[in-house]
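Now for the letters of each chain:
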Amino acid sequence: MLAEIKKKTTTVNAVTALESRGFLFGPYLAMKLNVPFIPLRKKGKLPGECVQTTYALEYGHDVLEMQKDALKAGDNVVIVDDLLATGGTMNAAIKLIRSTQAEVVLCMVAIELPYLKGRSRVDAQCHTMFQFDDE
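Residues numbered from 1 in each chain as written. Predicted model: local features only at pLDDT ≥ 70, side-chain atom pairs only at ≥ 80, totals over all residues. Heavy atoms only, no water.

Let us look at the side chain of His127. Looking at the element boundaries, His127 is found in strand E7 (residues 126-131). Assessed through its relative accessible area of 17%, His127 is described here as buried. Not counting the four nearest positions on each side in its chain, His127 is found in contact with Glu4, Lys8, Leu106, Cys107, Met108, Val109 and Arg119. (Helix = DSSP H or I, 4+ residues; strand = E, 2+ residues; numbered from the N terminus. Buried < 20%, exposed > 50% of the residue type's maximum accessible area, 1.4 Å probe, protein only. Contact = heavy atoms within 4.5 Å.)

Below, the structure written as structure tokens:
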């Protein structure tokens, strides 16, 4: 993942990761890039004032939050997650980050399920390590 981030981006100001398996990769990558790690979590789990976005799930809606002062306008951000399936959660993360006027320069995902067509719904450059095509 680290090599891909260095290859596909020029400047990274922060690494964000989606709760909770994204937290396995995000802090390590942030440490190696010498930038802050910013967790993106479900509503009510972060201290302090937060910004949030609501997104649709197959069975309802959910809310994703980030601390309000975690990013500033113009920051270049990498989003990390374990799985890209339908793309809904990743798109919510992109929307949340862009609401702070920061830029998503890369979405890094460990596993992609291409048959669910999530990549076509992700509005940012995306790289996956493994793809599993079988339904």
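Moving on, there is more to tell.
Right, let's get into unusual backbone geometry. Omega for the peptide link from Glu19 to Ser20 comes to -10 degrees, which places this bond in the cis form. On the secondary structure map, Ser20 appears in the loop between strand E1 (14-18) and helix H2 (26-33). Backbone geometry at Asn34 places phi at a positive 60 degrees, although glycine is not the residue there. Looking at the element boundaries, Asn34 is found in the loop between H2 and strand E2 (37-42). For Asn34, a relative accessible area of 71% puts it in the exposed group. Positive phi, close to 70 degrees, is recorded for Gln101, a residue that is not glycine. Here Gln101 is to be found in the loop between helix H3 (88-98) and strand E6 (103-112). With relative accessibility at 54%, the residue Gln101 sits in the exposed group.

Next up on the list: the environment of Gln52. Here Gln52 is to be found in strand E3 (residues 50-57). You can call Gln52 partly exposed: its relative accessible area is 40%. When the C-alpha atoms of Gln52 and Lys6 are compared, they prove to be 29 Å apart, with 46 residues separating the residues in sequence. Among all residues touching Gln52, those that are not within four sequence positions of it are Lys43, Val63, Leu64, Glu65 and Leu96. Polar contacts involving the side chain of Gln52 include one to the side chain of Glu65, which spans 2.8 Å. (Polar contact = N/O pair within 3.5 Å; in protein donor to acceptor, adjacent residues only side chain to side chain.)

Attention now moves to the nonpolar core. Grouped together as the largest cluster of nonpolar side chains are 24 residues, with contacts concentrated most on Ile79, Met90 and Cys107. Among the elements that take part in this core, H3 stands out by supplying six residues, more than any other. Among residues more than four places away in sequence, those in contact with Ile79 are Thr16, Leu18, Met90, Ala93, Ile94, Ile97, Val104, Leu106, Cys107 and Met108. Among the nonpolar cores identified, the runner-up in size contains 15 residues, and Val12, Val15, Leu33 and Val35 belong to it. (Core = buried A, V, L, I, M, F, W, Y, C linked by side-chain atoms within 4.5 Å.)

Moving on: the pattern of salt bridges. Under the defined criterion, the tally for this structure stands at 10 salt bridges. As a salt-bridge pair, Glu49 and Lys68 come within 3.3 Å of each other at their nearest N and O atoms. Separated by 19 residues along the polypeptide, Glu49 in the loop between E2 and E3 and Lys68 in the loop between strand E4 (60-67) and strand E5 (76-84) bring together distant segments of the chain. Overall, Glu49 belongs to the exposed group, its relative accessible area being 55%. (Salt bridge = Lys/Arg side-chain N within 4 Å of Asp/Glu carboxyl O.)

What follows deals with the pairing of E1. Where burial is concerned, most of E1 is hidden: five out of the five residues are buried. What you see with E1 is no split at all: Ala14, Thr16 and Leu18 on one side and Val15 and Ala17 on the other are buried throughout. Pairing of E1 with E5, which is carried by four bridges, proceeds in the parallel orientation. Directly across from Ala17, in E5, lies its bridge partner Val80. The parallel pair E1 and E2 is bridged by H2, and the resulting crossover is right-handed. (Pairing = 2+ DSSP bridges. Right-handed = clockwise from strand over helix to strand, strands pointing away.)

Function cannot be inferred from these measures alone, as they are strictly geometric.
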